[in-house]
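Chains, contacts and geometry: an overview
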Amino acid sequence: MAHSTVPRSEAEADETANTPAAPGGEAAARRKPPSGRPSLRVRFRRDRVLLLMTLPALLLVLVFSYVPILGNVVAFQDYDPYVSDNGIVSILHSPWVGFDNFQRIFADSAFWGAVRNTLVLFGLQLVLYFPIPIMLALLINSVVRPKVRALSQAILYLPHFFSWVLVIAVFQQLFGGAGLLSQLLRQHGYDGLDIMTDPATFKFLITAESVWKDAGWGIIVFLAALASVPTDLYEAAAMDGAGRWRRMWHVTLPALRPVIALLLVLRVGDALTVGFEQILLQRDAVGPGASEVLDTFVWWNGVRNQDFGYAAAAGLVKGVVSLGLVLAANKAAHLMGEQGVYKK
């Protein structure tokens, strides 16, 4: 029996070279993506059911989030909504003023005061509020008994479902001029204390209200991340002699780091939005000097003073700066080795 002296790879190469190409073979090869991934048409046919499921959500986002962006054109107009009952007609017939509204904003001391108050509140909430859900999640995760853990979560979640009116009413009964704290001080011979109307402590009051209302709700994401940590890592660390604190430092916190980075990026992007309803309800008690933030500034000038173009310009500046903060924070997350909001 004769054997071929040509190596197998060369024989296959010659056979392939002598085989006539199938019709359209070169064109099909050109259409195939170089990375080996399926073409867009193939992926669309494969995932069409999932795409149809997400279509209603995409339509909602398009109608209520992206279409209203077109209304920012009034920032470049002296917008008058009373020109017509139709808002689009009012936009078309309102006079253009170019960048006059933006020049007024940057020359307005009230605008810069609102920016200062917004940044101060954001800094306090970032330092005092952001770490609390992480600590609460670690504390609840260390509870062994399931019933105690479930009861603790229910108690911490409950304030999230209270309206801001109810939250402020509770704080008023505790820290107001006729509240529980003030009455206790008077009974012991001290002067009463009214924290609810003190402009000097207003920023700490706002932060305390936010912590009491939403800190418990914020632990949900961290508890979900902790639930995904393999128990083998804790067992291996315990066998190596690591105590509770060392296991938390070397196992638990590294598992939470991607989630912390993601939420921190989102929090930085939301830096210029600090509790509109919460602050608006207490604005008259402490005055606009201590409570005016960008959201209330836009509301006051747009809704109350009906200077719509000026308010739209302030809102547009806020949106652009917030977008820049998101991109900068996400870039910082990438530099630290985390994914952030989106991949590199």
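Below you will find a few notes about this structure. A quick note: this is a predicted structure, and the numbers were derived from the prediction, not measured.

With that settled, the discussion passes to unusual backbone geometry. When glycine is set aside, most residues are seen to have a negative phi, and most peptide bonds are trans. Unlike most non-glycine residues, Gln306 shows phi in positive territory, near 55 degrees. Within the secondary structure, Gln306 sits in the loop between helix 17 (294–304) and helix 18 (308–335). The class of Gln306 is partly exposed, set by a relative accessible area of 40%.

The subject of this paragraph is the packing of aromatic side chains. Within this structure, the stated rule accounts for 15 aromatic pairs. Put simply, the rings of Phe106, Phe111, Trp112, Phe297 and Tyr310 pair up and form one aromatic cluster. Above the ring of Trp164, the side-chain terminus of Lys213 is found at 5.1 Å from the ring centroid. The ring centre of Trp300 lies 4.2 Å from the NZ or CZ of Arg283, which sits over that ring.

Another point: the pattern of salt bridges. Tallied over the full model, the rule gives 5 salt bridges. Residues Arg104 and Asp307 are paired through a salt bridge, measuring 2.8 Å at the closest nitrogen-oxygen approach. Separated by 203 residues along the polypeptide, Arg104 in helix 6 (residues 100–106) and Asp307 in the loop between helix 17 and helix 18 bring together distant segments of the chain. Of the charged contacts, one joins Asp295 and Lys318 as a salt bridge, the two residues approaching to 2.5 Å between their closest N and O atoms. Taken together, the residues Asp295 in helix 17 and Lys318 in helix 18 connect sequence positions 23 residues apart. Taken individually, Asp295 and Lys318 each receive the classification buried, so the pair is uniform in this respect.

The rules behind these values
Residues numbered from 1 in each chain as written. Predicted model: local features only at pLDDT ≥ 70, side-chain atom pairs only at ≥ 80, totals over all residues. Heavy atoms only, no water. Helix = DSSP H or I, 4+ residues; strand = E, 2+ residues; numbered from the N terminus. Buried < 20%, exposed > 50% of the residue type's maximum accessible area, 1.4 Å probe, protein only. Phe/Tyr/Trp six-rings, centres within 6.5 Å; stacked < 30°, edge-to-face > 60°. Lys NZ or Arg CZ within 6 Å of the ring centre and 35° of its normal. Salt bridge = Lys/Arg side-chain N within 4 Å of Asp/Glu carboxyl O.

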